[in-house]
Amino acid sequence: MVTSSPDSGNGNGNPVRTVIVPAAGMGTRFLPATKTVPKELLPVVDTPGIEMIAEEAASAGASRLAIVTAPSKDGVLGHFDPRPDLEQTLAERGKDKIAAKVRRATEVIRVESVVQNKPLGLGHAVLVAEPLLDDDEDCVAVMLPDDLVLPMGVMDRMREVRERFGGSVLCALEIPHEEVFNYGVFDIEPAGGEGAKGEDSPADVKRVRGMVEKPDPEDAPSNYVAVGRYLLDRAIFDALRRIPRGKGGEYQLTDAIELLIQEGHPVHVVVHDGFRHDLGNPGGFIRACVDFGLRHPDYGAGLRAYMEERLEQDQ
Ligand code: UTP
């Protein structure tokens, strides 16, 4: 089903044409809000996380956002539909700037969607999006809408790494060792193999030997943790069809990536020089709101003054 279709075809040889955005999860950690409001529509200041992802996908050169939704989450697609009535009322009242903000989601990228009938896991969500791809697409990007990876633009580097090393490319952040127990942790070696140097082994690229989910810090193979950006070879769909249900009874994307690694498929990570906001849980979401709020031209100064005053009261 096509929900909006501005013509943003890339036609420029960019190999990442489609970005899959899995948005069919239950948002359990955000209940009761997510009983009726999809997690992906919760606003960071005034813009839903999924609109930020649409901007990121468009600036990475993609021409199609393939949103995976649940039967109960129509609002996610509605956000990308035009609202001429609202725009007209705003225009009549001289609120052109706000009307432009309303229109933005409909212009940024072409949106298509597919329904995941049951929340059977991230791997399953990616698999149900396969029919949206064109036959000649040999890779696909996946961006998780509850993960803001900042500064934006890591997919450009991931694309270069796929051109250089082939296979699939994931995104990693280096974090303090004692915090790794919350994340998927990469077991890595230098790109190009031990002893490789220069062009053959860029400092921000590592080859992945495997992944460990939420390890005790003493068992963690590295300080490099996975964040929600993937550039996957089309072979991922075949791997997703072959994996059994994993952790939590769900089909896990990381299990399919592990299977590819075992079969000799090259998988690398780009170590992103930046940070991430995890919008998927209230604690991470509040931080993102504070961060974006402090940097906002209208609200930043007032928020800063309020926070300073408020923190003083707690001393
Ligand atoms: P999360 O695990 O962060 O989302 O999945 P969730 O399942 O909604 O969260 P909790 O654990 O219940 O609080 C990462 C992304 O994958 C999507 C989610 O919507 C989220 O954007 N997802 C997850 C699916 O599309 N389908 C699934 O079956 C699971």
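Residues numbered from 1 in each chain as written. Predicted model: local features only at pLDDT ≥ 70, side-chain atom pairs only at ≥ 80, totals over all residues. Heavy atoms only, no water.

*Asks:* How should the overall build of the protein be read in this particular structure?
*Replies:* When helices and strands are tallied, the protein shows 10 helices and 14 strands. Its C-alpha atoms give the protein a radius of gyration of 20 Å, within 12% of the compact-globule value 20 Å for 315 residues. Each principal axis of the C-alpha atoms in the protein carries an extent, and together these give about 65 × 55 × 40 Å. For the protein, buried positions account for 50% of its 315 residues. (Helix = DSSP H or I, 4+ residues; strand = E, 2+ residues; numbered from the N terminus. Rg over C-alpha atoms; globule rule 2.2 N^0.38 Å. Buried < 20%, exposed > 50% of the residue type's maximum accessible area, 1.4 Å probe, protein only.)

*Asks:* Would you take a moment to explain helix 7 (residues 235–242) for this structure?
*Replies:* Taken residue by residue, helix 7 has Ile236, Phe237, Ala239 and Leu240 as its buried positions. Seen along its axis, helix 7 keeps its buried residues to an arc of 160 degrees; they face one direction. Looking at the buried side of helix 7, the elements it contacts are strand 2 (18–23), helix 5 (122–128), strand 7 (139–143), strand 12 (224–233) and helix 8 (253–262). (Arc of directions from axis to C-beta. Contact = heavy atoms within 4.5 Å.)

*Asks:* What am I meant to see in unusual backbone geometry here?
*Replies:* For residues besides glycine, phi is generally negative; the peptide bonds are generally trans as well. The omega torsion across Leu31 and Pro32 is 5 degrees, close enough to zero to call that bond cis. Structurally, Pro32 can be placed in the loop between strand 2 and strand 3 (43–44). The peptide bond linking Leu150 to Pro151 adopts the cis configuration, its omega dihedral lying at -10 degrees. Phi is positive for Val45, close to 60 degrees, though the residue is something other than glycine. Locating Val45 in the fold gives a position in the loop between strand 3 and strand 4 (47–48).

*Asks:* Just to check I follow, could you spell out the side chain of Asp291 for this structure?
*Replies:* Turning to its location among the elements, Asp291 is positioned in helix 9 (residues 282–294). Side chain to side chain, Asp291 and Arg295 meet in a polar contact 3.2 Å long. (Polar contact = N/O pair within 3.5 Å; in protein donor to acceptor, adjacent residues only side chain to side chain.)

*Asks:* Please explain the pattern of salt bridges as it appears in this structure.
*Replies:* A side chain of one charge can pair with a side chain of the opposite charge when the charged atoms of the two come close. If you walk through the whole model with that rule in mind, you get 27 salt bridges. A salt bridge links Glu107 to Arg103, with the nearest nitrogen and oxygen atoms 3.4 Å apart. Taken together, the residues span about one helical turn, with Glu107 and Arg103 both in helix 4 (residues 96–107) at a distance of four residues. According to the relative accessible area criterion, Glu107 is partly exposed, its value standing at 39%. The exposure class assigned to Arg103 is partly exposed, which follows from its relative accessible area of 30%. Across the pair Arg159 and Asp156 runs a salt bridge, and its minimum N-O distance is 3.5 Å. Taken as a pair, Arg159 and Asp156 lie in helix 6 (residues 154–165) at a separation of three residues, close to a single helical turn. (Salt bridge = Lys/Arg side-chain N within 4 Å of Asp/Glu carboxyl O.)

*Asks:* Would you take a moment to explain the environment of Gly153 for this structure?
*Replies:* By the element assignment, Gly153 lies in the loop between strand 8 (147–150) and helix 6. Since its relative accessible area comes to 34%, Gly153 is described here as partly exposed. A C-alpha to C-alpha distance of 33 Å links Gly153 and Arg245, two positions 92 residues apart in sequence.

*Asks:* Looking at this structure, I do not really get helix 6. What am I missing?
*Replies:* Owing to its 3.6 residues per turn, the α-helix brings residues three or four apart onto one side. Look at helix 6: 16 Å from first C-alpha to last across 12 residues, which is about the 16 Å you get at 1.5 Å a residue. Against the buried residues of helix 6 lie strand 7, strand 8, strand 9 (168–174), strand 11 (205–213), strand 12 and strand 13 (267–271). Within two residues after helix 6, Gly166 carries a phi angle of roughly 75 degrees, on the positive side. (Expected span 1.5 Å × (residues − 1).)

*Asks:* Can you help me understand the packing of aromatic side chains in this one?
*Replies:* Aromatic ring pairs are defined here through the distance separating the ring centres and the angle between the ring planes. Within the structure shown, the criterion is met by one aromatic pair. The ring of Phe165 is capped by Arg164, whose NZ or CZ atom sits 4.6 Å from the centre of that ring. Here the guanidinium or amino end of Arg295 rests over the ring plane of Phe292, the centre of that ring lying 5.0 Å away. (Phe/Tyr/Trp six-rings, centres within 6.5 Å; stacked < 30°, edge-to-face > 60°. Lys NZ or Arg CZ within 6 Å of the ring centre and 35° of its normal.)

*Asks:* How should the site of the ligand be read in this particular structure?
*Replies:* In the vicinity of the ligand, 18 residues are found, and the nearest of them are Gly25, Gly27, Thr28, Gln116 and Gly121. Separating an oxygen atom of the ligand from a backbone N or O atom of Ala23 is a distance of 3.5 Å. Contacts to the ligand include Gly121, whose backbone N or O atom sits 2.7 Å from an oxygen atom. Those elements that place two or more of their residues in the shell around the ligand are strand 2 and helix 5. Here the shell around the ligand is composed, by residue class, of nine nonpolar, five polar and four charged. (Near = heavy atom within 4 Å. Nonpolar A, V, L, I, M, F, W, Y, C, P; charged D, E, K, R; others polar.)

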